[in-house]
Amino acid sequence: MSSQVGAGSYKPLFFSPQQYQMVEHLAEMIIPEDDSPGAKQAGVAEFIDFMVANRAPVSTSRDIRSTDDAIAAGNEAQNRFLAGLDWINARSHSEFKREFMDCTPEQQNSLVEELAYKAKFKPTTESGRAFFQMMRDYTVVGYYTTKIGLQSIGYPGLRTVWPKMPGCPHADDPEHAHLREPASSSSSTQTGRN
Amino acid sequence: MSNDLYDVLVVGTGAGGGTAMKILCEAGLQVCALNSGPRIDPGKDYRGHRQVYDLQYRGYGDPLRLKGKAHQEPYSVEESEYSEGRDLFEHDVAYSNAPGTDWYWKRCKATGGKANFWGRSSARFGDIDFKAADLDGFGENWPVDYAEISPWFSKAERYMGVASTVQNRPSNPDGEYLPPIPWRCIDYIIQKGAEKIGVPYLPDRCAQLTVPHHGHPNCHYCGNCSRGCDVGSFFSPTWFTIPDAEATKNLTLLTNALVRSVIVDENGMAKGVAYVDRVTRKELELYAKVVVLAASCVETAHIMLNSKTRHWPTGIANSSGQLGHNLCEHLYGTPGYGYLPQLLGQPATPDNIADSTVAWMPRWQNLKNPREEKFIRGYSVYMGGGCGEFPGYYGQIEGFGSRFKRDIKRYYATSIGALIQAPTLPSPTNYLDIDPEKKDMFGIPQLRFHFQWGPNELLMWEHSKQVMIDLFSAMGGELWGADVEPNRPGTSLHETGVCRFGNDPKTSVTNKWAQTHEVPNLYICDASIFPSCTDKTTTMPIIAFTMRTCDRMLENFKKGVHKRA
């Protein structure tokens, strides 16, 4: 199975090897490799495992006023991760009669879509949706705090010395009323050429 | 050491204390400065050019780092994983909040204090601020007007280096400026929208060196300012006043010296300070002819309230009973955030590498008629956004997968948010006192806050939310939302009051020179003298008023009012 590929030599601190594989797979589903590397290459699962193991809350609604608050939030994240991964497997069993990781990519996609898109929400999936939101929070944080992630959006601060601040580059269109999205402009250019 | 006698003791080395010791040392006085924490080392304690992926917890910090500390609440923004490892922030000295109060007291105890990491907005106060009571009938005027303080604003600006433009608005007086920071795409778009709804959007007064300034290099735009500048391209005591004072060889700088109280002679005049050495836990005293308190507003009042003797049963120089009163603060919060569809899909532009507000909406309410709005006085708004260090807007984008990832990139240049800076009005229910029971680990009675937002500032908060709805519509933006509640009191770090200055000793703690009415050799050099908060930030005015106070003190030395040690 493709999901078995690249389990790697990393020994998870918190998750079991099976759980870790699932976290890594979900992270890659959220931020896949396309024209830039995905969550897997950016080591997002290792980051999640490290943060969850050390009870460092990434996404929490708690007001943290003390070390006890921080630990409570960290414990909550641990429990929510374990319960959430179980929920996903229970859901895949009831929908597809097998573990999530044994489902086809189409099945996995349809399961996650029900948790990720409002139009596909079902009344019985509330806890699954809450888990998916948390998983997405950890994944986005884990990805966009790596060099790979920051490069993928072109974070200008990766360069640390600038001769001057360039300011707005659209001197000929200061109202920004006629800017074209590169994606749409390139496709229209193509049509134009054809 | 403890038997040494100095000309002046300066308590605190931040914006006010640092400036005081520079001026006094340069005038030839022997000065001893006491700083409650360690000496900051920019090479180790600032962010430098470290990236977030260089940090083990990616900026979130070790959740156990404050375990066992007396005050375990982390200080967002200022304190971060970049400055973890050394004890730069105050977590040993606890404070208390009265029932119903939720004050968030963030303290940097290292040399230079919060001014190592400040936001750099440096607008002048104007007569609209100093004479607000004349205009709207609330409270009292300041004892100083614009004509009187203006030369010191110029002095402060010349020394610090402030980038801005001449704008010809009396409510936001112009100063002496370095070339402004260039505008970003978002600034042009916001400005157009603001114009349509009659709101000014202008370059902020930003203490950031757009050109080299008195030996300080110009900014190299790494974007890390708020974690400390590695080369001193904006004003901070660490790069400016402390080295200047040390160059005179007239400065003795004591670190980890936590001042407990001002000690007095047989006549009740200041004789020195009592402090505890945090490292040895020894109780020590130092003596001087003049004492300057610049411990950062509320801590100055804390020290004075704890300076109780037979002469001063409620705290030193407090016959007026005003010590600890008139606590004001800026209400902070996000009255609107969203995005600019005009910029969707634009490639990342380096528009946040100045890490500064670049432009702002200086107060525009109640200018023509002081009672035009439902509230009196007025507020300012800072707009932020553009290509930042983290795509915090991702929560607005639904889904997962390649499309989600592409959208995160597509929205990268578009997201913007507002920050309101609204002054509170002095209120008899907003004050400080000494907790009757609680003491900190050094046995010092704790400071207790009594503070709640009042109706005037909450009206401004609601007003600003409507302005954001109008602005987003006028500039073709989409509003995602707004904070329901403002931030907690204390968040802005702009507390003022508690030792207000004035001409009448019955209603103020110090005279117009920031010299306490009753103890002429005790001066105050921080925002605690400001009788009211304005819509502008406090740091540059603290420096200007400190320069003026020190000039006055030097005259008093010359005239023999104060004797040399």
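Residues numbered from 1 in each chain as written. Chains lettered and ligands numbered in written order. Predicted model: local features only at pLDDT ≥ 70, side-chain atom pairs only at ≥ 80, totals over all residues.

Draft legend 1. Representation of the overall build of chain A. A count of helical and extended segments in chain A gives 7 helices and 0 strands. Reading chain A from its N end, one meets helices and strands in the order α-α-α-α-α-α-α. Across the 194 residues of chain A, 34% fall into the buried class. Across chain A, contacts joining residues at least 24 apart in sequence account for 49% of those joining residues at least 6 apart. (Helix = DSSP H or I, 4+ residues; strand = E, 2+ residues; numbered from the N terminus. Buried ≥ 20, exposed ≤ 12 C-beta atoms within 10 Å, placed from the backbone. Contact = placed C-beta atoms within 7 Å.)

Draft legend 2. Focus on the overall build of chain B. Each helix and strand counted, chain B has 11 helices and 17 strands in total. The C-alpha atoms of chain B give a radius of gyration of 23 Å, which matches the 24 Å a tight globule of 565 residues would have. By residue count, 58% of the 565 residues in chain B fall in the buried class. Across chain B, every contact between residues at least 6 apart in sequence was considered, and the portion connecting residues at least 24 apart equals 73%. (Rg over C-alpha atoms; globule rule 2.2 N^0.38 Å.)

Draft legend 3. Structural detail: helix α11 (residues 539–559) of chain B. For α11(B), with 21 residues, the first-to-last C-alpha span of 30 Å sits near the 30 Å given by 1.5 Å per residue. Following α11(B) by one or two positions, B:Gly560 adopts a phi angle in the positive range, close to 90 degrees. (Expected span 1.5 Å × (residues − 1).)

Draft legend 4. A look at the packing of helix α1 (residues 17–30) of chain A against helix α2 (residues 44–53) of chain A. Residues and elements named next belong to chain A. With their axes 9 Å apart at the nearest point, α1 and α2 run at an angle of 125 degrees to one another. With respect to α2, the element α1 is oriented oblique. Crossing angle aside, the handedness with which α1 passes α2 is right-handed. Two secondary-structure elements touch here, α1 through Tyr20, Val23, Glu24 and Ala27 and α2 through Val44, Ala45, Ile48 and Asp49. (Axes fitted to C-alpha atoms, helices over the stretch in contact; angles between N-to-C directions. Parallel < 35°, antiparallel > 145°, perpendicular 65-115°, else oblique. Left-handed = near helix turned anticlockwise from the far one by under 90°.)

Draft legend 5. Expanded view of the sheet that holds strand β15 (residues 445–450) of chain B. All names here are of chain B. On the basis of which strands lie adjacent, the open sheet formed by 3 strands has the order β3-β15-β14 and mixed pairing. Edge positions in the sheet fall to β3 (96–97) and β14 (431–439), since each of these pairs with one other strand and no more. In this sheet, β15 lies alongside β3 in parallel orientation, the contact comprising 2 bridges. Across the sheet, Asn97 pairs through a bridge with Phe449, a residue of β15. The strands touched by helix α8 (residues 298–305) are β14 and β15; relative to β14, the strand with the most contacts, the crossing angle is about 60 degrees. (Pairing = 2+ DSSP bridges.)

Draft legend 6. Expanded view of the domain arrangement of chain B. Residue and element names in this part refer to chain B. We note that the domain assignment places domain 1 (1–118 + 236–329 + 427–451 + 496–565) and domain 2 (119–234 + 330–423 + 453–488) within chain B. The straight-line distance from the C-alpha centre of domain 1 to that of domain 2 is 28 Å. Facing the 39 residues of domain 1 at the interface are 40 residues of domain 2. Of all the secondary-structure elements, those providing two or more residues to the side of domain 1 that touches domain 2 are α2 (42–45) and α11. (Domains from an automatic or database assignment.)

Draft legend 7. Just the interface of chain A and chain B, in detail. Listed per partner, the contact involves 50 residues of chain A and 52 residues of chain B. Residues that form the side of chain A that touches chain B fall into these classes: 29 nonpolar, 13 polar and 8 charged. (Nonpolar A, V, L, I, M, F, W, Y, C, P; charged D, E, K, R; others polar.)

Draft legend 8. Structural context of the nonpolar core. All names here are of chain B. Among the nonpolar cores identified, the biggest contains 201 residues, and Leu9, Val11, Val31 and Val292 are the most heavily contacted of them. Each of two domains, domain 1 (1–118 + 236–329 + 427–451 + 496–565) and domain 2 (119–234 + 330–423 + 453–488), supplies a minimum of three residues to this core. Every residue in contact with Val31, bar those within four places of it in the chain, is listed here: Tyr6, Asp7, Val8, Val10, Met21, Leu24, Cys25, Asn250 and Leu251. Tyr75, Leu88, Phe89 and Ala110 belong to the second-largest nonpolar core, a separate cluster that totals 6 residues. (Core = buried A, V, L, I, M, F, W, Y, C linked by C-beta atoms within 7 Å.)

Draft legend 9. Geometry of the pairing of strand β9 (residues 330–333) of chain B. Residues and elements named next belong to chain B. Because side chains alternate across β9, one face comprises the buried residues His330 and Tyr332, and the other comprises Leu331 and Gly333, equally buried. By the bridge criterion, 4 bridges tie β9 to strand β13 (residues 415–423) in an arrangement that is antiparallel. Opposite Gly333, over in β13, you have Ile420 as the bridge partner.

Draft legend 10. Seen up close, helix α9 (residues 401–410) of chain B. Three or more residues of α9(B) are buried, namely B:Phe404, B:Lys405 and B:Ile408. Looking straight down α9(B), one finds its buried side chains confined to an arc of 95 degrees; they lie on one side. In this structure, the buried side of α9(B) is in contact with α1 and α6 (147–153) of chain A. (Arc of directions from axis to C-beta.)

Draft legend 11. Highlighting the environment of A:Glu114. All names here are of chain A. The residue Glu114 is located in helix α4 (residues 105–116) in this model. For Glu114, a count of 19 C-beta atoms within 10 Å puts it in the partly exposed group. Separated by 15 residues in the primary sequence, Glu114 and Arg129 place their C-alpha atoms 8.1 Å from one another. Setting aside anything within four residues of it in sequence, one finds Glu114 in contact with Lys120, Phe121, Lys122 and Thr125.

Draft legend 12. Region of interest: the confidence of the model for chain A. All names here are of chain A. Model confidence for chain A is summarised by a mean pLDDT of 89, while 89% of its residues fall at 70 or above. Scored below 50 in pLDDT, residues 1–6 shows 3 contacts in the model against residues more than four places distant or in partner chains. Note that pLDDT drops below 50 for residues 184–194; the model gives that stretch 1 contact with residues more than four away or on any other chain. (pLDDT = per-residue confidence, 0-100.)

Draft legend 13. Highlighting unusual backbone geometry. Within the chain, A:Arg55 stands out as a residue other than glycine whose phi angle is a positive 55 degrees. Under the C-beta neighbour-count criterion, A:Arg55 is labelled partly exposed, with 19 such atoms within 10 Å. Unlike most non-glycine residues, B:Ala317 shows phi in positive territory, near 60 degrees.

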